[in-house]
Amino acid sequence: MTPREKLLAEAAKRILITDGAFGTEIQNWKLSEADYAGDLNLGHDQKGNNDILALTRPDVPASIHRAYFEAGADIAETNTFSANRISQADYGAEHLVREINVESAKLARSIADEFEAKDGRPRFVAGALGPTNKTLSLSPDVNDPGYREIDFDTLKDVYREQIDALVEGGVDFILIETVFDTLNAKAGVMAAIEAGEALGRDLPIMMSMTLTDLSGRNLSGHTVEAFWAAIRHAKPVTIGLNCSFGAEQLRPHVATLSKLCDTLIMVYPNAGLPNELGAYDEAPHTTAGLVKEWADQAQVNILGGCCGSTPAHIKAIADAVKDLPPRAIPTPPVRTQLAGLEPFVMAA
């Protein structure tokens, strides 16, 4: 079976579990500049460059992957959220993009295969693409609304470089996540489609939007309905939400996507909202109880955690939903509900 077929087969049996936060877990290691930089001598401080740890401290992401699988995860996301030419330029490491992604993917793949070999339960690897710190839809200059720091083709090429390396390293899916700009996501989608065509095979895409306000819109102004209309042509194997808010705030938007989308729904919220110090202190049982409400209503297929979540959160979620049936995927005619949105989406 292809990765898409394998995931759909497993998701028809039970609610699957994806992993939790990487950034906040890495922070718990209290790594030094020397840990991040290793022997690379890049001429820039590397502290905070979590992606480069695949080259300098691979034991750190390996330990985190292993902890999430031990907690019950079925899917590992590669530690590559910022492993693209744009983001790595801040660290003088843009020439290492291919190596970072290949090694990160190989690391996640080897641990996923290790756990699958133990019990025969399929494990999957999603190659994570973050949004970069550039936006195609908005100007960073309030005095020049028409100005853009980057164009569509350039961003597509940036994503293509990362995708090719992730595929070389052995990922099953391309996860375009934390989408704050729908046009950025479209560049990622086109890059993934072109990469799949070059390979001569299906390269499944996962999509995850992030909301910037409680009305349910992202930074480029798209509602969850409009976002689905804008990317559904790519036939993503999953669509959903992550980051920005905790499960409590995402509830109505999860319900909307669940009714609308004829694909798997994957949601991985933050562990609540950050406190006044920027830390996340929502307890694992609290997060698990909130996402279980979605499962009780058969609204989700895959659950996990984003910022602030830990292996303890993932275990609590896995335990909470293990006996609940997965959401049934609606039949394709649901797409007719989007007809009125097409002109708006195309114009955007």
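Residues numbered from 1 in each chain as written. Predicted model: local features only at pLDDT ≥ 70, side-chain atom pairs only at ≥ 80, totals over all residues. Heavy atoms only, no water.

Novice: Tell me about the overall build of the protein, and please be specific about residues and values.
Specialist: A tally of helices and strands in the protein yields 14 helices and eight strands. Its C-alpha atoms put the protein at 55 × 50 × 50 Å along the principal axes. Looking at the protein as a whole, 55% of its 348 residues qualify as buried. Contacts spanning at least 24 positions in sequence make up 78% of the contacts within the protein whose residues lie at least 6 apart. By element, 53% of the accessible surface of the protein is carried by carbon and sulfur atoms, the whole surface being about 14100 Å². Between the centroid of the 31 positive side chains of the protein and the centroid of its 48 negative side chains there is a distance of 6 Å. (Helix = DSSP H or I, 4+ residues; strand = E, 2+ residues; numbered from the N terminus. Buried < 20%, exposed > 50% of the residue type's maximum accessible area, 1.4 Å probe, protein only. Contact = heavy atoms within 4.5 Å. Areas by Shrake-Rupley, 256 points an atom, 1.4 Å probe, with all protein chains shown as cover. Lys, Arg positive; Asp, Glu negative; His and termini not counted. Charge placed at Lys NZ, Arg CZ, Asp CG, Glu CD.)

Novice: Account for helix α11 (residues 247-260), with residues named and values stated.
Specialist: With 14 residues, α11 should cover 20 Å at 1.5 Å per step; its first-to-last C-alpha distance of 19 Å lies within 8% of that length. For α11, the principal kink sits at His253 and spans about 35 degrees. Residues of α11 that are buried include every one of Ala247, Leu250, His253, Val254, Ala255, Leu257, Ser258 and Leu260, and no others. Residues of α11 that are buried in the fold lie against α10 (224-231), β6 (238-246), β7 (264-270) and α12 (284-296). (Expected span 1.5 Å × (residues − 1). Bend = angle between axes of the 7 residues up to and from the residue.)

Novice: Kindly report on the nonpolar core, identifying the contributing residues and their values.
Specialist: Membership of the largest hydrophobic core comes to 77 residues, with the highest contact counts inside it found for Ile163, Ile174, Ile176, Met207, Leu241 and Trp294. Discounting residues that sit within four places of it in the chain, Leu241 has contacts with Ser208, Met209, Leu211, Val224, Leu250, His253, Val254, Leu257, Met266, Val267 and Tyr268. Residues Ala126, Phe173, Leu175 and Cys306 belong to the second largest nonpolar core, which totals 16 residues. (Core = buried A, V, L, I, M, F, W, Y, C linked by side-chain atoms within 4.5 Å.)

Novice: With reference to specific residues and values, describe the pairing of β7.
Specialist: Summarising burial for β7: seven of the seven residues are buried, a large majority. Pairing of β6 with β7, which is carried by six bridges, proceeds in the parallel orientation. Of the residues in β7, the one forming a bridge with Thr238 is Leu264. After leaving β6, the chain enters α11 and then returns to the sheet as β7, a path that is right-handed. (Pairing = 2+ DSSP bridges. Right-handed = clockwise from strand over helix to strand, strands pointing away.)

Novice: Give a detailed account of the packing of α12 against helix α13 (residues 311-321), specifying residues and quantitative values.
Specialist: To characterise two packed helices, one gives the angle between the axes of the helices and the distance between these axes. Orientation of α12 relative to α13, taken along the N-to-C sense of each, is 40 degrees, at an axis distance of 8 Å. Seen along the crossing, α12 lies across α13 with a hand that is right-handed. Judged by residue contacts, Pro284, His285, Thr287, Ala288, Val291, Lys292 and Ala295 of α12 engage Ala312, His313, Ala316, Ile317, Ala320 and Val321 from α13. Residues of the contact of α12 with α13, tallied by class, amount to nine nonpolar, three polar and one charged. (Axes fitted to C-alpha atoms, helices over the stretch in contact; angles between N-to-C directions. Left-handed = near helix turned anticlockwise from the far one by under 90°. Nonpolar A, V, L, I, M, F, W, Y, C, P; charged D, E, K, R; others polar.)

Novice: Requested: an account of the sheet that holds strand β8 (residues 302-303), with residues and values cited.
Specialist: Taken in spatial order, the eight strands line up as β1-β8-β7-β6-β5-β4-β3-β2 in an open sheet, and their pairing is parallel. Two strands in the sheet have a free side with no partner beyond their single neighbour: β1 (16-17) and β2 (75-77). Pairing of β2 with strand β3 (residues 124-129), which is carried by three bridges, proceeds in the parallel orientation. Following the sheet pairing, Ala76 is matched in β3 by Val125.

Novice: Account for the pairing of β6, with residues named and values stated.
Specialist: Each regular strand carries side chains that alternate between the two faces of the sheet. Taken across its nine residues, β6 has eight buried, putting it largely inside the fold. With α10 bridging strand β5 (residues 205-209) and the parallel β6, this β-α-β connection has right-handed handedness.

Novice: Just give me the short version of the side chain of Thr135, but keep the residues and values in it.
Specialist: Counting through the fold element by element, Thr135 comes out in the loop between β3 and α8 (152-169). Separated by 3.5 Å, the side chain of Thr135 and the backbone nitrogen of Leu138 make a polar contact. Separated by 2.4 Å, the side chains of Thr135 and Asp181 make a polar contact. Beyond its immediate chain neighbours, meaning those up to four positions away, Thr135 contacts Arg148, Phe180, Asp181 and Asn184. (Polar contact = N/O pair within 3.5 Å; in protein donor to acceptor, adjacent residues only side chain to side chain.)

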